[in-house]
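# Observations on chain architecture
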Amino acid sequence: MLCLADGAGSASHSQFRAQTVVDEGCAALVEQFAEFASSDDGVKVKVALLERLVSKVASVAERHDVTSEDLASTFLCVAVAGDTFLGAHVGDGVVGFLKHGDLRVISGPDNSEFANQTTFVTSSHALESMRLFRGSLDGVDGFILMSDGAGESLFDSGTGQSAKACSKLISTVAAMRGSQSKTSEHRKRLRRLVDITIRDATKDDCSIGIFG
């Protein structure tokens, strides 16, 4: 299971906002994966997941005497069990996977006409904007989730395609899982990929989650 959130740049209390939805998103997927994955009603699943996220944000906001908007963030997630994967996406950022050696985008950025505007889990239209996806793990080598900052290097908004570096990142993580003796070597490779391909290409927050 993997969750990623990117707090709104205009929102205060950055130390709480993204972590809040990540924690609750992980809890929801652990507790309700079977229910979500087997449901024939996608809208019902989106409502249930979003209600948990919004409720948690409201609770944390009340505890710190701020508004829910002060904790605004995007939300991306992927979880697997058996031969099935399930994911959801609110806002900008990208969710992709490597399947049969082919790099594909599952869910691209949700931006308005302005690149720096998007939807957050606390937005009034979050339910309409939320994307839910699920499918078979057959042939899937791994998933990648990225914030909009990482997407500046790893996603081409013109073509709607992810950069080839995403395949290398997923493959490297998958190789780490299968070879304890080469973990250090693979970590160095990951660090080089991130430093060269991503870090210097944007001034925004760069968050990447890889599930291999």
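Conventions and cut-offs
- Residues numbered from 1 in each chain as written.
- Predicted model: local features only at pLDDT ≥ 70, side-chain atom pairs only at ≥ 80, totals over all residues.
- Heavy atoms only, no water.
- Patch = residues over 30% accessible without salt bridge, like charges linked within 9 Å, V, L, I, M, F, W, Y side chains within 5 Å.
- Areas by Shrake-Rupley, 256 points an atom, 1.4 Å probe, with all protein chains shown as cover.
- Salt bridge = Lys/Arg side-chain N within 4 Å of Asp/Glu carboxyl O.
- Lys, Arg positive; Asp, Glu negative; His and termini not counted.
- Charge placed at Lys NZ, Arg CZ, Asp CG, Glu CD.
- Helix = DSSP H or I, 4+ residues; strand = E, 2+ residues; numbered from the N terminus.
- Pairing = 2+ DSSP bridges.
- Axes fitted to C-alpha atoms, helices over the stretch in contact; angles between N-to-C directions.
- Contact = heavy atoms within 4.5 Å.
- Core = buried A, V, L, I, M, F, W, Y, C linked by side-chain atoms within 4.5 Å.
- Buried < 20%, exposed > 50% of the residue type's maximum accessible area, 1.4 Å probe, protein only.
- Phe/Tyr/Trp six-rings, centres within 6.5 Å; stacked < 30°, edge-to-face > 60°.
- Disulfide = S-S within 2.5 Å.

### A closer look at a positive patch on the surface
On the surface, K164, K168, R187, K188, R189, R191 and R192 cluster together into a patch of positive charge. Among the elements that line the positive patch, the one with the most residues is helix α6 (residues 183-198), at 5 residues. Relative to the assigned elements, R191 resides in helix α6.

### Here we look at the sheet that holds strand β1 (residues 2-4)
If you walk across this open sheet you meet the 4 strands as β1-β2-β3-β6, and the pairing is antiparallel. Both edges of this open sheet fall to β1 and β6 (131-136), since each of them pairs with a single strand only. Neighbour-to-neighbour, the strand axes of this sheet turn through a mean angle of 10°, independent of strand direction. Pairing analysis gives 6 bridges linking strand β3 (residues 84-90) to β6, with the strands arranged antiparallel. Bridging from a neighbouring strand, T84 pairs with S136 of β6. Helix-sheet contacts for helix α2 (residues 42-63) involve β2 (75-81), β3 and β6, and the interaxial angle to β6 is about 120°.

### Points about the pairing of strand β5 (residues 102-107)
Bridge count for strand β4 (residues 94-99) against β5 is 5 bridges, and the pairing is antiparallel. For F97, the partnering residue across the bridge sits in β5 and is R104.

### Quick word on the pattern of salt bridges
Any two side chains of opposite charge can pair if their charged atoms end up close together. All chains considered together, the criterion is met by 3 salt bridges. Between E24 and R52 there is a salt bridge whose closest N-O contact spans 2.9 Å. Linking E24 in helix α1 (residues 14-38) with R52 in helix α2, this pair joins segments that are 28 residues apart in sequence. Its salt-bridge partner being E31, residue R52 comes within 2.8 Å of it at the nearest N-O pair. Here R52, found in helix α2, pairs with E31, found in helix α1; they are 21 residues apart in sequence, far enough to count as distant. If you follow the salt bridges from partner to partner, you end up with E24, E31 and R52 in one network.

### A look at the nonpolar core
Formed by 27 residues in total, the largest nonpolar core has its most connected members in V21, L49, F75 and V121. Of all the elements in the fold, those that place two or more residues in this core are α1, α2, β2 and β3. Leaving out residues up to four positions away in the same chain, F75 has contacts with C3, L4, V21, G25, L49, L53, A88, H89, V90 and V121. Formed by 15 residues, the second largest nonpolar core is a distinct cluster that contains L98, C166, L169 and V173.

### Side note on the packing of aromatic side chains
Applying the stated criterion across every chain, the model contains 4 aromatic pairs. Ring centres 5.8 Å apart and planes at 70° place the aromatic pair F85 and F97 in the edge-to-face group. Note that F85 is positioned in strand β3 and F97 in strand β4, a separation of 12 residues in sequence. F85 sits in the buried class, given a relative accessible area of 6%. Here F97 falls in the buried class, since its relative accessible area comes to 8%. Centre to centre, the rings of F97 and F143 are 5.8 Å apart; their planes meet at 35°, and the pair counts as tilted. You can see F97 sitting in strand β4 and its partner F143 sitting in strand β7 (residues 140-146), a full 46 residues away along the chain. Cluster of aromatic residues (ring-pair linked, three or more members): F85, F97, F143 and F211.

### A few points about the state of the cysteines
Counted by the stated rule, this structure contains 0 disulfides. Residue C26 stays outside any disulfide, its sulfur separated by 3.6 Å from that of C3, the closest cysteine. A relative accessible area of 24% means that C26 is categorised as partly exposed. C3 supplies the cysteine sulfur nearest to C77, a cysteine that is in no disulfide, at a spacing of 5.0 Å.

### Comments concerning the sheet that holds β7
With antiparallel pairing, 4 strands are arranged side by side in an open sheet as β5-β4-β7-β10. Sheet topology places β5 and β10 (208-211) at the edges, where each strand pairs with a single neighbour. Shown here is a sheet whose adjacent strand axes are inclined to one another by a mean of 20°, direction ignored. As paired strands, β4 and β7 are joined by 6 bridges and run antiparallel to one another. Among the inter-strand pairings, G96 is bridged to a residue of β7, identified as I144.

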